[in-house]
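Examination of the molecular architecture
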Amino acid sequence: MRHISLWGMTVLALTCLPTHLFATETKPNQPPNILFIFSDDLAYQAISAYGDSRQLLQTPHIDRVAKEGIRFDRCLVTNSICGPCRATILTGKYSHKNGFYNNSNSRFDSTQTTFPKLLQANGYSTAIIGKWHLMTNPTGFDHWDILPGQGRYYNPPMISNGKNVQREGYVTDIITDLSIDWLKNRDKSKPFLLMAQHKAPHREWSPALRHLGFNGDKPFAEPSTLFDLYKDRAQAVVNHDMGIDRTFTKLDAKLVPPPGINSVQLEEWNKYYLPRNNEFESANLSGQELVRWRYQRYMHDYLGCVKAVDESVGRLLQTLEDEGLADNTLVVVTSDQGFYLGEHGWFDKRWIFEESVRTPMVARWAGVIPPGQTNGQLVSLLDMAQTFLGAAGVAAPTDMQGANMLPLMKGESVADWRKSLYYRYYEYPSPHRVKPHYGVVTDRYKLVHYEGKDGGEWELLDRQVDPLEVKSFHQDPAYESTMAELKAEIRRLQEVVDDKTPPPAKAYGNDKLEWEPFGQLK
Ligand code: CA
């Protein structure tokens, strides 16, 4: 049997046999602790370990996890927005199976089987601290302390084991402090699962006061597609509402202060923003110059938020060392999806395209994951539940839809690892007017079908010849056989993941759809 409950065996052995027999029990038989450091909307382009050509930011602590373990270069998501990705992580299932489709009207069915529940039932002490965003209260956790909804950057209200509490300070620091406090005061008789889940760097990207001006006003490099005109693209792409040019608000631009900030904090905030905002107002920018100004402001604020997340990773790693936990703890740092840092003129996520379908993931487990590895296989947040259960030696339910990444983490070659991943996005039209779409991602291609009343539209992207993804090849005769193969692959994957019936209209977050929902290829 592949899944053996090592923890269960240890408990059984300790109760049935003389204790002296276990004096020399070796470490591999002890279930590992699991520290899951999770970020919201964290782009791999913002992490120095990923080596983005713009060199936007140094993230020494996240890089350290990669250096001491493994960096996954193609960790993909299955529905690129906050709530659905979280539901997928917990259940190991696609949105159409766990019922959480969108951020607009979905509510997590908390009676479902999740990996934290299974770990808890197998002797783990479990905690979730930070952003939850699944509308119903957490289940399967001995301790929970969460932000309601999206949460606030400054002085956030939180819900601690069901009780409303008002917290003072900067949200990333608060989540880190609460996580460290829980680690130090945990039930030391048990292994633990701690999910430390940051709100940052989610929109509106409000950095900690100490990080304002961290770049010394040095300009950030622009992406080459900042002024993408989408001329060889589907109408669905042209019609987006997530552009730095057309969708950026005063709050996004910090022309107004963030919600919840107090008068003392505001004084400090004004010292940085006011003179720069006054200069901006008097310059009266328009067109490309306005987009360029907004991009610089966006990068300052977004990357400032990431700096605090990186510091949080450093403090949590230090706490593991202080507590003597560094060796037998599996540490995973990842995000709920990727994010556009100006590519195609965008912020936000949602699309099947690279910057949003791909999320950063690094992992460390001393003695189990060899250091300094990189891995380019198609892994997914869908795999998280089975990976954690596998690490703990707990059998994963057979209806989970991912796979255990541990063999890859150990550097083993897995001959039958997936070569393609099915993707499906629902939420429409608001916010951001991204047309519902489904498709397949391979190492080279993406074939995507946008739903619509006219039967929809196709796009075929070829990262090998078009790494920036600015052109669709679906009508190019040279790609005819590729189109046919990938359409067949979508059909095959829809069978595999059992996405064969049209989703309910509410899946789109809007009961008045302009088309008949369908899940089948036409
Ligand atoms: Ca998110």
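Only a predicted model underlies this, so the values are computations on that prediction, with no experimental measurement involved. (Residues numbered from 1 in each chain as written. Predicted model: local features only at pLDDT ≥ 70, side-chain atom pairs only at ≥ 80, totals over all residues. Heavy atoms only, no water.)

This part is about the overall build of the protein. Secondary structure assignment for the protein yields 13 helices and 15 strands. Relative to the globule expectation of 24 Å for 522 residues, the C-alpha radius of gyration of the protein, 23 Å, shows essentially globular dimensions. In terms of overall dimensions, the protein has a C-alpha envelope of 75 × 60 × 40 Å along the principal axes. For the protein, the proportion of its 522 residues judged to be buried stands at 60%. Residue pairs at least 24 apart in sequence account for 70% of intrachain contacts in the protein once pairs closer than 6 positions are excluded. Carbon together with sulfur atoms contributes 50% to the accessible area of the protein, which is approximately 20400 Å² in total. Side-chain charges in the protein split into 58 positive and 63 negative, and the spacing between the mean points of these groups amounts to 2 Å. (Helix = DSSP H or I, 4+ residues; strand = E, 2+ residues; numbered from the N terminus. Rg over C-alpha atoms; globule rule 2.2 N^0.38 Å. Buried < 20%, exposed > 50% of the residue type's maximum accessible area, 1.4 Å probe, protein only. Contact = heavy atoms within 4.5 Å. Areas by Shrake-Rupley, 256 points an atom, 1.4 Å probe, with all protein chains shown as cover. Lys, Arg positive; Asp, Glu negative; His and termini not counted. Charge placed at Lys NZ, Arg CZ, Asp CG, Glu CD.)

A few words on the pairing of strand E15 (residues 457–462). Every regular strand shows the same layout, with side chains that alternate between the two sheet faces. The element E15 is extensively covered by neighbouring structure, given that five of its six residues are classed as buried. Relative to E15, strand E14 (residues 445–450) runs antiparallel, the two being bridged by six bridges. The partner of Tyr450 across the bridge, within E15, is Glu457. Counting the residues in the hairpin turn of E14 and E15 gives six residues, including Gly455, whose phi is positive at 95°. (Pairing = 2+ DSSP bridges.)

Further remarks concern the domain arrangement of the protein. Its domain assignment divides the protein into domain 1 (31–206 + 302–419), domain 2 (210–296) and domain 3 (423–508). Between the C-alpha centres of domain 1 and domain 3 there is a distance of 26 Å. Tallying the contact residues gives 29 residues for domain 1 and 33 residues for domain 3. At the boundary of domain 1 with domain 3, total buried surface from both sides reaches about 2500 Å², with 57% on carbon and sulfur atoms. It is Tyr101, Arg350 and Ile352 that lose the most area in domain 1 upon contact with domain 3, and together they represent 30% of the buried surface on that side. For the pair domain 1 and domain 3, the number of links is four salt bridges. Ionic pairing is found between Glu427 and Arg350, a salt bridge with its closest N-O pair at 2.7 Å. Taken together, the connections running from domain 1 to domain 3 amount to 21 residue pairs in polar contact (both at pLDDT 80 or more). For the side of domain 1 that touches domain 3, the elements supplying multiple residues, two or more each, are strand E2 (70–76), helix H4 (95–98) and helix H10 (354–357). Looking at the side of domain 1 that touches domain 3, its residues break down into eleven nonpolar, eleven polar and seven charged. (Domains from an automatic or database assignment. Buried area = accessible area lost by both parts, 1.4 Å probe. Salt bridge = Lys/Arg side-chain N within 4 Å of Asp/Glu carboxyl O. Polar contact = N/O pair within 3.5 Å; in protein donor to acceptor, adjacent residues only side chain to side chain. Nonpolar A, V, L, I, M, F, W, Y, C, P; charged D, E, K, R; others polar.)

Enumeration according to the criterion identifies 30 aromatic pairs in this entry. Here the aromatic rings of Trp351 and Phe353 are separated by 5.3 Å at their centres, their planes lie at 15°, and the arrangement is stacked. Overall, the relative accessible area of 0% leaves Trp351 in the buried class. Take Phe353: its relative accessible area is 0%, and that puts it in the buried class. Taking the centre distance of 5.9 Å and the plane angle of 70° together, the rings of Tyr426 and Tyr508 count as edge-to-face. Of this pair, Tyr426 sits in the loop between strand E12 (420–425) and strand E13 (437–442) while Tyr508 sits in the segment after helix H13 (480–496); the two residues are 82 residues apart in sequence, bridging distant segments of the chain. (Phe/Tyr/Trp six-rings, centres within 6.5 Å; stacked < 30°, edge-to-face > 60°.)

The next point concerns the environment of Asp142. Tracing the backbone shows Asp142 in the loop between strand E3 (125–131) and strand E4 (143–147). Separated by 171 residues in the primary sequence, Asp142 and Val313 place their C-alpha atoms 23 Å from one another. Polar side-chain contacts of Asp142 include one of 2.7 Å to the side chain of Gln120. At 2.8 Å, the side chain of Asp142 and the backbone nitrogen of Thr126 are in polar contact.

Strand order in the open sheet formed by four strands is E12-E13-E14-E15, and the pairing between neighbours is antiparallel. Sheet topology places E12 and E15 at the edges, where each strand pairs with a single neighbour. Each adjacent strand pair in this sheet contributes to an overall mean axis angle of 15°, direction not counted. Note that E12 and E13 share six bridges and pair antiparallel. Bridge pairing links Tyr425 to His437 in E13. In the packing of H13 onto the sheet, contacts are made with E12, E13, E14 and E15, and the angle to E13 comes to roughly 110°. (Axes fitted to C-alpha atoms, helices over the stretch in contact; angles between N-to-C directions.)

For the rest of this paragraph, the subject is the nonpolar core. Membership of the largest hydrophobic core comes to 87 residues, with the highest contact counts inside it found for Phe115, Leu119, Trp351, Phe353 and Met384. Examining the composition of this core, we find that six residues originate from one element, helix H11 (residues 384–392), more than from any other. (Core = buried A, V, L, I, M, F, W, Y, C linked by side-chain atoms within 4.5 Å.)

Along E4, five of the five residues are buried, which leaves the element largely enclosed by surrounding structure. Side-chain alternation along E4 places His143, Asp145 and Leu147 on one buried face and Trp144 and Ile146 on a second face that is also buried. The sheet contact formed by E3 and E4 spans five bridges and is parallel. Residue pairing across strands places Gly130 opposite Ile146, the latter belonging to E4. Sheet topology places E4 next to strand E5 (residues 157–160); two bridges connect them, and they run antiparallel. The residue of E5 that forms the bridge with Asp145 is Ser160.

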